[in-house]
Amino acid sequence: MAQKPSIPKGTRDFSPTEVAKRNYIFSTIKEVFEMYGFQPIETPSFENSLTLMGKYGEEGDRLIFKILNSGDFLKKVEDDLLISKDSIKITSKISEKALRYDLTVPFARYVVQHQNEIEFPFKRYQMQPVWRADRPQKGRFREFYQCDADVVGSKGLWQEVEFVQLYDAVFSKLKLTGTTIKLNNRKILAGIAEIIGAKDKLIDFTVALDKLDKIGAEGVTKEMLDKGISEAAIQKVEPLFNFKGSNQEKLKQLQQLLTTSEEGTKGVEDLKFIVDNIEMLGLQTANLDIDVTLARGLNYYTGAIYEVTAPQGVKMGSIGGGGRYDDLTGIFGLKDMSGVGISFGLDRIYLVLEELNLFDAVELPKPKVLFINFGEKEAAFCMKALVTLRKNHIKSELYPDAAKMKKQLNYANRRQIPYVVLVGASEVENNKYTLKNMQTGEQQVCTLKELLEITS
RNA sequence: GUGGUUGUAGCUCAGCUGGUUAGAGCGCCGGAUUGUGGUUCCGGAGGUCGCCGGUUCGAACCCGGUCUUCCACCCCA
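Residues numbered from 1 in each chain as written. Chains lettered and ligands numbered in written order. Predicted model: local features only at pLDDT ≥ 70, side-chain atom pairs only at ≥ 80, totals over all residues. Heavy atoms only, no water.

## Regarding helix α8 (residues 186–195)
Burial analysis of α8 places eight of its ten residues in the buried class, which makes it a mostly covered element. What α8 keeps buried is the set R186, K187, I188, L189, A190, G191, I192 and A193. Looking at the buried positions of α8, the neighbouring elements they touch are β7 (180–185), α9 (202–210), α12 (238–241), α13 (247–257), α14 (262–281) and β9 (304–309). You can read the cap of α8 off the contacts: a side-chain oxygen lies 2.8 Å from the backbone nitrogen of K187, and it is on N185. Two residues or fewer after α8 comes G197, characterised by a positive phi angle close to 70°. (Buried < 20%, exposed > 50% of the residue type's maximum accessible area, 1.4 Å probe, protein only. Helix = DSSP H or I, 4+ residues; strand = E, 2+ residues; numbered from the N terminus. Contact = heavy atoms within 4.5 Å. Polar contact = N/O pair within 3.5 Å; in protein donor to acceptor, adjacent residues only side chain to side chain.)

The structure is reproduced here in structure tokens:
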């Protein structure tokens, strides 16, 4: 054998079965998106580096796949820059394009670029692959799909309510019961930071708080101290380290904690609006849970923050996330355009459904009838019958070679084709077909019309 | 990006403290059975042991590098 072929780290091939299962998830999400009034768009796999760089923080920039310029790209770089070995500076000279890192930033770019054609509020959905130069792990790939739905041009909180319903609708439809939709609000986090007098350390504070369930109160305290947040300040938020009870109880506690913070109070009000209305409307299978530790990385969130986790017992990171960003298009020059959106992580949902055996309903597209090939003459006769069957939407095919019957029947077995048609010299002569049911083994001689009736 | 882990036939895996022609099951191909499958029996093909280098009389096994897998951190879907 020649050199063994391989695919790059963190990428995958998908078999027919896997594609069928993935399509099942895609179509379920798509159906619900459209039910809620979203319209699809698509954007290029790669963007100008300028569009992407600096939008995901320093860490994000590192994880963006850069595309090398074509041509003799090193010629244009000054000698002293090359000698300096400054990767970041050199990269900006030799790479002007980069692979899409998420769907939100390209969407913001799209909105700004097409603002005159768009009807606002604009509700779009997008299901495309994104690429990250991350180290792969379970449920973590370098090429994976996101399924996003966003609304721009509206500040109404009903949108936030609808997204909770939408999450619930998709996961219920996929029979993935017991998911938890975690809800928080950036304004609450800001309010807390304000109260403890660490407003300038909001990011450090939230990142530390986000790790609560992972490293515990002690670990969080330590990390906050390391980041320069005072002990007195940490004591003020101590109640949050053990934040339990119903959503309404949590809201009350937050209200009290944040009375002196205008922003925090607004955050609690927003949160209460969502929680109250979801309680009024009800959910099918998901749980809604206020989680003040939730501080999804992307620092453009300004209002609601969502994160969905798999049912208890399934070891998987979040399978969806989202939130509101008041000024995402601002960086591209379009001010005052508020947006809110959510994302489904297709690949992780796949792994969760696989683990819980929830793919029963998915069937591989396969033919219903296989014509055994006896030779040129007989094959020609079968081809004519195939035209009729296919016109009647019966998936069918002729075995391409006049191979041994054992081989052809084996092929039908393996592909689980329920019917086989045998046409030899005598059938051709009498214009008849021998139809064999592969499950029962029964067979009968019939006309084309009967063949059609039985197999349809 | 940091630390660890994994790689032997198409697949799942054996392979002793380094020792001569590297094994099994499943799958594949052929035959028993040239118009009747899933069973059974018989036979066969398929591996520079991830790759490169080193130590050694001798390496799948030891050492270094590299790629890949999975895991923890970072970050995130």
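Don't stop here, the text continues.
## Details of the pattern of salt bridges
Counting across every chain of the model gives 17 salt bridges. When the shortest N-O distance is used, the salt bridge between K21 and E354 registers 3.2 Å. Linking K21 in helix α1 (residues 16–35) with E354 in helix α15 (residues 346–355), this pair joins segments that are 333 residues apart in sequence. Several salt bridges converge on common partners, so that one network encompasses R12, R22 and D347. (Salt bridge = Lys/Arg side-chain N within 4 Å of Asp/Glu carboxyl O.)

## A look at the nonpolar core
Counting 94 residues, the largest nonpolar core has I25 and F344 as its most contacted members. With eight residues, the single largest contributor to this core is helix α7 (residues 158–173). With residues up to four places along the chain from it excluded, the contact list for F344 reads I29, F33, Y145, Q146, C147, L166, Y167, V170, F171, I319, G320 and I349. By size, the runner-up hydrophobic cluster in this structure holds 18 residues, among which are A385, Y419, V421 and V423. (Core = buried A, V, L, I, M, F, W, Y, C linked by side-chain atoms within 4.5 Å.)

## A word on the confidence of the model for chain A
A residue-level look at chain A finds 98% of positions with pLDDT of 70 or above and a mean pLDDT of 89. Across the whole predicted complex the pTM is 0.90, and at the interface the ipTM reaches 0.82. (pLDDT = per-residue confidence, 0-100.)

## So, the protein's contact with RNA strand B
In the neighbourhood of RNA strand B, 41 residues make up the surrounding shell, with K138, R140, S318, N413 and M438 lying closest. Within 4 Å of the protein, the contacting atoms of RNA strand B are 44% sugar and phosphate, with bases supplying the remainder. Note that a sugar or linking oxygen of RNA strand B is positioned 2.9 Å from one of the side-chain N or O atoms of R132. Taking N410, its side chain carries an N or O atom lying 3.3 Å from a sugar or linking oxygen of RNA strand B. With six residues, helix α17 (residues 405–414) is the single largest residue contributor to the surface near RNA strand B. Of the residues contributing to the surface near RNA strand B, the split by class is eleven nonpolar, 13 polar and 17 charged. (Near = heavy atom within 4 Å. Nonpolar A, V, L, I, M, F, W, Y, C, P; charged D, E, K, R; others polar.)

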